[in-house]
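# Analysis of the macromolecular model
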Amino acid sequence: MARYDRYGAARKKKKRGSLFAPISVLLVGVALLFGMGVFFRVQTIEVVGAVSYSDEEIIDASGIDMGDNLFFINRFSASSRIFAKLPLVEEASIERSLPNKIIISVDESYALAYVGWEGQSWMMTGNCKLLGSGEGPELDGLIRVLNVTPLSPKAGEILTVDEADSLKLTYLQTLLRAMQQMDMTRDVTDLDMENSADPTFRYLDRFTVRMGPNDNTEYKLRMLLSAVAQMESDITGTVYLSEGTTVHVSPD
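A brief report on the enclosed structure follows. (Residues numbered from 1 in each chain as written. Predicted model: local features only at pLDDT ≥ 70, side-chain atom pairs only at ≥ 80, totals over all residues. Heavy atoms only, no water.)

### Some thoughts on the packing of aromatic side chains
For clarity, the cut-off: Between rings of Phe, Tyr and Trp, where Trp is taken as its six-membered ring, a pair exists when centres lie within 6.5 Å; planes separated by under 30 degrees are stacked, by over 60 edge-to-face, and by other angles tilted. Going along the chain from the N terminus, every DSSP run of H or I of four or more residues is numbered as a helix, and every run of E of two or more is numbered as a strand. Think of it in three bands: with a 1.4 Å probe and only protein chains considered, a residue is buried below 20% of the maximum accessible area for its type, exposed above 50%, and partly exposed in between. Charge-over-ring contacts are defined here by two conditions on Lys NZ or Arg CZ: a distance within 6 Å of the ring centre and an angle within 35 degrees of the ring normal.
Summed over the entire model, instances satisfying the criterion amount to one aromatic pair. Residues phenylalanine 40 and phenylalanine 71 carry aromatic rings whose centres are separated by 5.2 Å and whose planes lie at 85° to one another, so their mutual orientation is edge-to-face. Of this pair, phenylalanine 40 sits in the loop between helix H1 (6-38) and strand E1 (44-48) while phenylalanine 71 sits in the loop between helix H2 (55-62) and helix H3 (75-85), and the two are 31 residues apart along the sequence. For phenylalanine 40, a relative accessible area of 29% translates into the label partly exposed. Taking the relative accessible area as the measure of exposure, phenylalanine 71 reaches 33% and is therefore partly exposed. The ring of phenylalanine 83 has lysine 129 sitting right over it, with the charged end atom 3.7 Å from the ring centre.

### Points about the environment of glutamate 90
Stated precisely, the cut-off is as follows: Contacts are assigned to residue pairs with any non-hydrogen atoms lying within 4.5 Å of each other. Whenever a nitrogen or oxygen atom comes within 3.5 Å of another N or O atom, the pair is scored as a polar contact, on the condition that within protein one atom can donate a hydrogen and the other can accept it, and that pairs from neighbouring residues in sequence are kept only if both atoms are in side chains.
The residue glutamate 90 is located in strand E2 (residues 89-97) in this model. Spatially, the C-alpha atom of glutamate 90 lies 7.5 Å from that of valine 106, the residues being 16 residues apart in sequence. Setting aside residues up to four positions removed in sequence, glutamate 90 forms contacts with Phe83, Asp107, Glu108, Ser109, Thr125, Asn127 and Lys129. A distance of 3.3 Å separates polar atoms of two side chains, one belonging to glutamate 90 and the other to serine 109.

### Considerations on a negative patch on the surface
Rules: Patch definition: residues above 30% relative accessible area lacking any salt bridge, with like charges linked at up to 9 Å and the nonpolar side chains Val, Leu, Ile, Met, Phe, Trp and Tyr linked at up to 5 Å. In short, Shrake-Rupley with a 1.4 Å probe defines the accessible areas, and a residue's cover is counted only from the protein chains shown. Each reported salt bridge corresponds to a side-chain nitrogen of Lys or Arg within 4 Å of a carboxyl oxygen of Asp or Glu. Counted charges follow a simple rule, with Lys and Arg positive, Asp and Glu negative, and His plus the chain ends left uncounted. One atom stands in for each charge, and that atom is NZ of Lys, CZ of Arg, CG of Asp or CD of Glu.
A cluster of acidic side chains, namely Asp55, Glu56, Glu57, Asp60 and Asp65, defines a negative patch on the protein surface. Summarising the element assignment, aspartate 60 is placed in helix H2. Since its relative accessible area comes to 61%, aspartate 60 is described here as exposed.

### Side note on the packing of helix H4 (residues 166-181) against helix H5 (residues 217-229)
This is how it is decided: Angular values range over 0 to 180 degrees, each being the angle between N-to-C directions of two axes fitted as lines to C-alpha atoms, with helices fitted over their stretch in contact. Oblique is the label for any angle not covered by the other classes, which are roughly parallel (under 35 degrees), roughly antiparallel (over 145) and roughly perpendicular (65 to 115). Crossings are assigned a handedness: left-handed for a near helix turned anticlockwise from the far helix by less than a right angle, right-handed for a clockwise turn. When residue character is reported, Ala, Val, Leu, Ile, Met, Phe, Trp, Tyr, Cys and Pro are called nonpolar, Asp, Glu, Lys and Arg charged, and the others, Gly included, polar.
Here H4 crosses H5 at 50°, and the two axes come no closer than 10 Å. The angle between the axes of H4 and H5 places the two elements in the oblique class. Judged by the twist between their axes, the crossing of H4 over H5 is right-handed. Listed contacts from H5 to Tyr171, Thr174, Leu175, Ala178, Met179 and Gln181 of H4 are Thr217, Glu218, Lys220 and Leu221. Residues belonging to the contact of H4 with H5 are distributed by class as follows: five nonpolar, three polar and two charged.

### Let's talk about the nonpolar core
Under the convention used in this document: We call a set of buried Ala, Val, Leu, Ile, Met, Phe, Trp, Tyr and Cys residues a nonpolar core when their side-chain atoms join them within 4.5 Å.
Formed by 36 residues in total, the largest nonpolar core has its most connected members in Met124, Phe201 and Leu224. Of all the elements in the fold, those that place two or more residues in this core are strand E4 (113-117), strand E5 (120-124), strand E7 (143-146), H4, strand E8 (188-192), strand E9 (200-203), strand E10 (207-210) and H5. Ranked by residue count, the leading element in this core is H4, at seven residues. With 18 residues, the next largest nonpolar core counts Tyr53, Ile64, Leu70 and Leu86 among its residues.

### Topic: the sheet that holds E2
Note the cut-off: We treat two strands as partners when DSSP finds at least two bridges between them.
Across the sheet, three strands lie side by side as E1-E3-E2; this open sheet has mixed pairing. Single-partner strands in this sheet number two, and they are E1 and E2. For this sheet, the mean angle separating the axes of adjacent strands, direction not counted, is 20°. Summarising the sheet, E1 and strand E3 (residues 101-108) pair through five bridges and their orientation is parallel. Across the sheet, residue threonine 44 finds its bridge partner in E3, namely lysine 101. Set on the sheet, H3 makes contact with E2 and E3; between it and E2 the angle comes to about 150°.

Written as structure tokens, this is what we have:
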């Protein structure tokens, strides 16, 4: 009489189970991929924050099309395309909203300064992103940057300079961003970067400000604002911020 080997049957069952487990996982994965491919298609694209560009321009620049799969969109690449193609866009982000919506949020930049190149004036943001050439009224109220030479400027790209001017560019970006944050750019005119260890600029058309080395920039500018606020309105001269802890004024 045949004897039932319960232990052998259990081993066979366990072996079949261990064989089917990875197959089941694979089938579930295939099903999920199929579902993602069939469903979650882009049906709505919403643009937030655009002022200078239309929604259509933002969407076209992103490269995202209706019907694209929500999960297969490379959000970093889409943001980079917007940034590169539309010079006034300073930042762009892409957000998925299930089940079928994409939200494109943009922050636009604006001209803060300009730099000369081969008879042209190239406008740029506080981060030295070039916005294009301008003239006449377009340059009114912008900071004129002196003694920085661009290399083949192109709208939508960050200002590039030769290696000899790299320290100038770094300091220039620091200065412009700090001035922007303190809302003092309208009171600043010629910003001379000839000496990367001690750039100068005109402030309120009354003072020549000497910054000294590239350190504690925001603190130095705050000291400048505080010191000028306490001066009589008819005082002019040179303001030295090079020490970074005190303000020295040499009246004219």
